[in-house]
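So you can see what is in the structure, the chains are spelled out below.
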Amino acid sequence: MSASECQRADAALAGHYYMRGVMEVGSELQLKANGEFEYMLAYGALDEYATGCWSREGQTVMLLVSKFEANAEDPMKFERLELEIKPDGKLVRRFGDGHAGAYSR
């Protein structure tokens, strides 16, 4: 799916988010009201960048990637990523090792 095919998304969730709660990780997420997203994550020598479409499904934000780039072999690469919506507006990402971080505006 290309970004031009995105459906309008929940405008209440649109905005610029920053990850907190994961040591040595910098990550930002831009959810646009037109349904497109931009994502970046930096961890040590690894840098990720992704774009695509997002939607809300109940208490979950679903990211569907159309383009994913990394500067190294990437064990965290994803094509689809689910973020849990918390009552305070934070978006929680769970990592495979049991850690979690929260994106907040």
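Within each chain, residue numbers correspond to sequence positions counted from 1 in written order. Given that the model is predicted, a residue must reach a pLDDT of at least 70 before its local features are reported, and side-chain atom pairs must reach 80 or more before they are shown or counted; all residues, however, enter totals for whole chains, interfaces and linings. The side-chain values count all of the structure's non-hydrogen atoms but skip hydrogen atoms and water molecules.

(A) Looking closely at the nonpolar core. Formed by 23 residues in total, the largest nonpolar core has its most connected members in Leu29, Leu31, Val61, Leu63 and Leu91. Only DSSP runs of H or I reaching four residues or more are called helices, and only runs of E reaching two or more are called strands; each is numbered from the N terminus. Residue assignment for this core shows that the elements contributing at least two residues are strand S1 (15–20), strand S2 (25–31), strand S3 (36–43), strand S4 (46–57), strand S5 (60–70) and strand S6 (80–85). Contact criterion: two residues are considered in contact whenever any of their non-hydrogen atoms come within 4.5 Å of each other. The contact partners of Leu29, leaving out residues within four places of it in the chain, are Gly15, His16, Tyr17, Phe37, Glu38, Tyr39, Leu63, Leu83, Leu91 and Tyr103. Each nonpolar core is a collection of buried residues, namely Ala, Val, Leu, Ile, Met, Phe, Trp, Tyr and Cys, held together in the definition by side-chain atoms within 4.5 Å. For every residue, the accessible area obtained with a 1.4 Å probe (protein chains only) is divided by the maximum for its type, and the residue is called buried under 20%, exposed over 50%, and partly exposed between those limits.

(B) Local environment of the packing of aromatic side chains. Stacked, edge-to-face and tilted labels apply to pairs of Phe, Tyr and Trp rings (six-membered ring for Trp) whose centres lie within 6.5 Å, assigned for plane angles under 30 degrees, over 60, and everything in between, in that order. Across all of its chains, the model carries two aromatic pairs by this definition. Centre to centre, the rings of Tyr39 and Phe78 are 5.3 Å apart; their planes meet at 80°, and the pair counts as edge-to-face. Remark: Phe78 occurs in the loop between S5 and S6 and Tyr39 occurs in strand S3; sequence separation between them is 39 residues. On the basis of relative accessibility, which here comes to 1%, the residue Tyr39 falls in the buried class. Of the residues examined, Phe78 reaches a relative accessible area of 7% and is grouped as buried. Measuring from ring centre to ring centre gives 5.4 Å for Phe68 and Phe78, while their planes differ by 80°; the resulting arrangement is edge-to-face. Pair noted here: Phe68 is in strand S5 and Phe78 is in the loop between S5 and S6, with a separation of ten residues, a long-range link. There is no split in this pair, since Phe68 and Phe78 are both buried. Among the aromatic residues, those joined into a cluster by ring pairs are Tyr39, Phe68 and Phe78.

(C) Structural view of the pairing of S6. Residues Leu81, Leu83 and Ile85 line the buried face of S6, whereas the alternating positions Arg80, Glu82 and Glu84 sit on a face that is not buried. In terms of strand pairing, S5 meets S6 through five bridges, oriented antiparallel. By the bridge assignment for S6, Leu64 is matched with Arg80. When DSSP finds at least two bridges between two strands, those strands are taken to pair. Two strands pair when backbone bridges link them, and S6 and strand S7 (residues 91–94) are joined in this way by two bridges, in the antiparallel orientation. The residue of S7 that forms the bridge with Glu84 is Val92. Here S6 hands over to S7 after five residues, with Gly89 in that stretch at a positive phi of 90°.

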